Amino acid sequence: MSREQRSRCMSHVRSVNTKPELIVRRWLWSRGYRYRKNCRRLPGTPDIVLRRYGVAIFIHGCFWHGHEPHFRMPKTNVDFWESKIRRNQERDNRNKEALKAMGWSVLTVWECQLKPDVRRQTLLEIEGFINQSYLVRHGDKAQSKFSYSTDEETLFAAAEPEGELYQG
Ligand SMILES: [Zn+2]
């Protein structure tokens, strides 16, 4: 592949990889969760942040973030890709640790976990993770989660929901 072809190909991969975020956001929205997206004030700019649950979620493309089970190294420029993906993984780990040190519960969701045959299970697990985090944080005050709130998540949510559905 020429440089231009590769760059075109990879930008396609990148744009496809953003769509799994929509699956998760739309699901959370439909379940009544309110969140911020692409929160730049936090390490690594988490894709979804649920502040009152103390949860930061990253949705990672299996190629760019080197998901071991099916990461396939391109056949050309192996050195380039190896070091690129490794740097991404190292940065992911640093960001995750930094968030945990700040008291966040961090969840990484892989693109492959949102494919149609496993999607529902993954979404239920995400919800389980969020509620678990909330319980750990708030203990027996947990019933207050349904109280009305005008916090920034609620206000921010006015712009939702997002447009398109991911067509797996
Ligand atoms: Zn994967």
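Structure: see above.
What counts and how
Residues numbered from 1 in each chain as written. Predicted model: local features only at pLDDT ≥ 70, side-chain atom pairs only at ≥ 80, totals over all residues. Heavy atoms only, no water. Buried < 20%, exposed > 50% of the residue type's maximum accessible area, 1.4 Å probe, protein only. Helix = DSSP H or I, 4+ residues; strand = E, 2+ residues; numbered from the N terminus. Right-handed = clockwise from strand over helix to strand, strands pointing away. Phe/Tyr/Trp six-rings, centres within 6.5 Å; stacked < 30°, edge-to-face > 60°. Expected span 1.5 Å × (residues − 1). Core = buried A, V, L, I, M, F, W, Y, C linked by side-chain atoms within 4.5 Å. Contact = heavy atoms within 4.5 Å. Salt bridge = Lys/Arg side-chain N within 4 Å of Asp/Glu carboxyl O. Patch = residues over 30% accessible without salt bridge, like charges linked within 9 Å, V, L, I, M, F, W, Y side chains within 5 Å. Areas by Shrake-Rupley, 256 points an atom, 1.4 Å probe, with all protein chains shown as cover. Lys, Arg positive; Asp, Glu negative; His and termini not counted. Charge placed at Lys NZ, Arg CZ, Asp CG, Glu CD.

Digging into the pairing of strand β4 (residues 105–110)
So, step 1. Within β4, five of the six residues are buried, leaving the element largely enclosed by the surrounding structure.
So, step 2. Handedness of the strand β3 (residues 55–60)-helix α2 (residues 78–101)-β4 crossover: right-handed.

Here we look at unusual backbone geometry
So, step 1. Despite not being glycine, Asn38 has its phi angle at roughly 45 degrees, a positive value.
So, step 2. Looking at Asn38, the relative accessible area reads 29%, which means it is partly exposed.
So, step 3. Residue Thr45 is not a glycine yet carries a positive backbone phi of 50 degrees.
So, step 4. As for its position among the elements, Thr45 is in the loop between β1 (36–37) and β2 (48–50).

Regarding the packing of aromatic side chains
So, step 1. Across all of its chains, the model carries seven aromatic pairs by this definition.
So, step 2. Between Tyr53 and Tyr134, the aromatic rings sit 5.0 Å apart at their centres with planes inclined by 55 degrees, giving tilted as the arrangement. Here Tyr53, found in the loop between β2 and β3, pairs with Tyr134, found in helix α3 (residues 116–138); they are 81 residues apart in sequence, far enough to count as distant.
So, step 3. Between Trp64 and Trp81, the ring centres sit 5.9 Å apart and the planes meet at 65 degrees, which makes this aromatic pair edge-to-face. Taken together, the residues span a long stretch of sequence, with Trp64 in the loop between β3 and α2 and Trp81 in helix α2 at a distance of 17 residues. Judged on exposure class, the residue Trp64 and its partner Trp81 are both buried.

Quick look at α3
Structurally, the α-helix is built with 3.6 residues per turn, so residues lying three or four positions apart point the same way.
So, step 1. Spanning 23 residues, α3 covers 34 Å between terminal C-alpha atoms, matching the ideal 33 Å at 1.5 Å per step.
So, step 2. Looking at α3, one finds that the buried residues are Arg119, Thr122, Leu123, Ile126, Glu127, Ile130, Ser133 and Tyr134.

Concerning the nonpolar core
So, step 1. Grouped together as the largest cluster of nonpolar side chains are 19 residues, with contacts concentrated most on Val24, Leu28, Ile48, Leu50, Ile57, Ile126 and Ile130.
So, step 2. Mapped by element, the contributors of at least two residues to this core are α1 (3–30), β2, β3, β4 and α3.
So, step 3. Leu28 has contacts with Tyr33, Tyr35, Ile48, Leu50, Ile57, Ile126 and Ile130, leaving out every residue within four places of it along the chain.
So, step 4. By size, the runner-up hydrophobic cluster in this structure holds eight residues, among which are Leu42, Val49, Ala56 and Trp104.

A look at the pattern of salt bridges
So, step 1. Tallying each qualifying case throughout the model produces two salt bridges.
So, step 2. Measuring nitrogen to oxygen at the nearest pair gives 3.3 Å for the salt bridge that ties Arg25 to Glu21. In this pair, Arg25 and Glu21 both sit in helix α1, four residues apart, roughly one turn of the helix.
So, step 3. Here Arg25 falls in the buried class, since its relative accessible area comes to 3%.
So, step 4. Under the relative-accessibility criterion, Glu21 is labelled buried at 12%.
So, step 5. In this structure, Glu127 and Arg31 form a salt bridge, with 3.1 Å as the shortest nitrogen-oxygen distance.

Things to note about a positive patch on the surface
So, step 1. Taken together, the side chains of Arg86, Arg87, Arg91 and Arg94 define a basic patch exposed on the protein surface.
So, step 2. With respect to the helices, strands and loops of the structure, Arg86 is situated in helix α2.

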